[in-house]
Amino acid sequence: RAIYQNLPAGHYEFVYRAKSKDNIWSNSQTYKFVIRKPFYATWWFITIMVLTTIACLIWLFKMREKRLRERNEQLENTVRERTAEIQQQKDDIELKNEELEAQREEITAQRNLATQQRDEIAQREKEIMDSIYYAKRIQTAIMPAANVINSVLENFILFRPRDIVSGDFYYFKQIGPYAIIVAA
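Presented here is an overview of the structure given in this document. In this convention, every chain numbers its residues from 1, walking through the sequence in written order. The predicted origin of the model limits local features to residues at a pLDDT of at least 70 and limits the giving and counting of side-chain atom pairs to 80 or more, whereas totals for whole chains, interfaces and linings rest on all residues. Side-chain descriptors were evaluated using all non-hydrogen atoms of the structure, hydrogens and water having been removed beforehand.

## Some points on the overall build of the protein
Our working rule: Strands here are runs of E lasting at least two residues and helices are runs of H or I lasting at least four, both read from the DSSP assignment and numbered beginning at the N terminus. For each residue, the accessible area found with a 1.4 Å probe, counting protein chains only, is set against the maximum for its type, and the residue is called buried under 20%, exposed over 50%, and partly exposed in between. By definition, residues are in contact when any of their heavy atoms lie within 4.5 Å. Surface accessibility in these figures is a Shrake-Rupley result with a 1.4 Å probe; residues are shielded only by whichever protein chains are displayed.
For the protein, the count of helices and strands is two helices and four strands. Mapped from its N terminus to its C terminus, the protein presents α and β elements in the order β-β-α-α-β-β. Expressed as a percentage of the 184 residues in the protein, the buried residues total 4%. In the protein, 30% of the contacts between residues at least 6 apart in sequence involve partners at least 24 apart. Carbon and sulfur atoms form 57% of the exposed surface of the protein, whose accessible area is close to 17,000 Å².

Below you can see the structure in the form of structure tokens.
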């Protein structure tokens, strides 16, 4: 019995002789055989593996490219949505600014009107006060002094104007033994 291990692939010729129980050797005989390469070392397997590897790499590349395209589309959609939101916010802000500008113009107009009315009121108040002081001067000029009236009459006249001038007018004149008093 002969055991040969780890023989490389190739064509072999095994020559052997046998010995009988009587110690007689037989003629040599030849046994030809071929040890084939393992399937993974054959050209067709290597070709299939290379093609499969290339196909896998191409498939991985295509899948990655597809994922990148999908991600890019997602990002573009996100950018479009956010841009639309920002545009909407910008439009809202511009609208608010226009409203505020209109309100500011209205407030300015109201302030100008109030200032004009205040100036008119101040002018009218000045005219009224001038008129009141003029009426006071007239009233003071027309009325005799209190000591003149008290010297003729034993009674008194209460004359207390509310602010500056009184609304009551009276006339006093002494003609001979008579005293004429008119109150209005």
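## Overview of the packing of aromatic side chains
Just so we agree on the cut-off: Each Phe, Tyr or Trp ring, with Trp reduced to its six-membered ring, pairs with another whose centre is within 6.5 Å; inter-plane angles below 30 degrees give stacked pairs, above 60 give edge-to-face pairs, and intermediate values give tilted ones.
Applying the stated rule across the entire model yields six aromatic pairs. Residues Trp44 and Phe45 carry aromatic rings whose centres are separated by 6.2 Å and whose planes lie at 90° to one another, so their mutual orientation is edge-to-face. Members of the aromatic cluster, joined through ring pairs, are Phe39, Tyr40, Trp44 and Phe45.

## Re the pattern of salt bridges
Once the charged atoms of two side chains with opposite charge are near each other, the side chains can pair. In plain terms, the rule: Put simply, a salt bridge is a Lys or Arg side-chain nitrogen that is within 4 Å of an Asp or Glu carboxyl oxygen.
Counted according to the given criterion, the structure contains five salt bridges. A salt bridge links Arg69 to Glu65; the shortest N-O distance between them is 3.5 Å. Linking Arg69 with Glu65, this pair stays in helix α1 (residues 43–142), spanning four residues, or about one helical turn. Of the residues examined, Arg69 reaches a relative accessible area of 44% and is grouped as partly exposed. Classification of Glu65 as partly exposed rests on a relative accessible area of 29%. Here Arg104 and Glu101 are joined by a salt bridge, their closest N and O atoms 2.5 Å apart.

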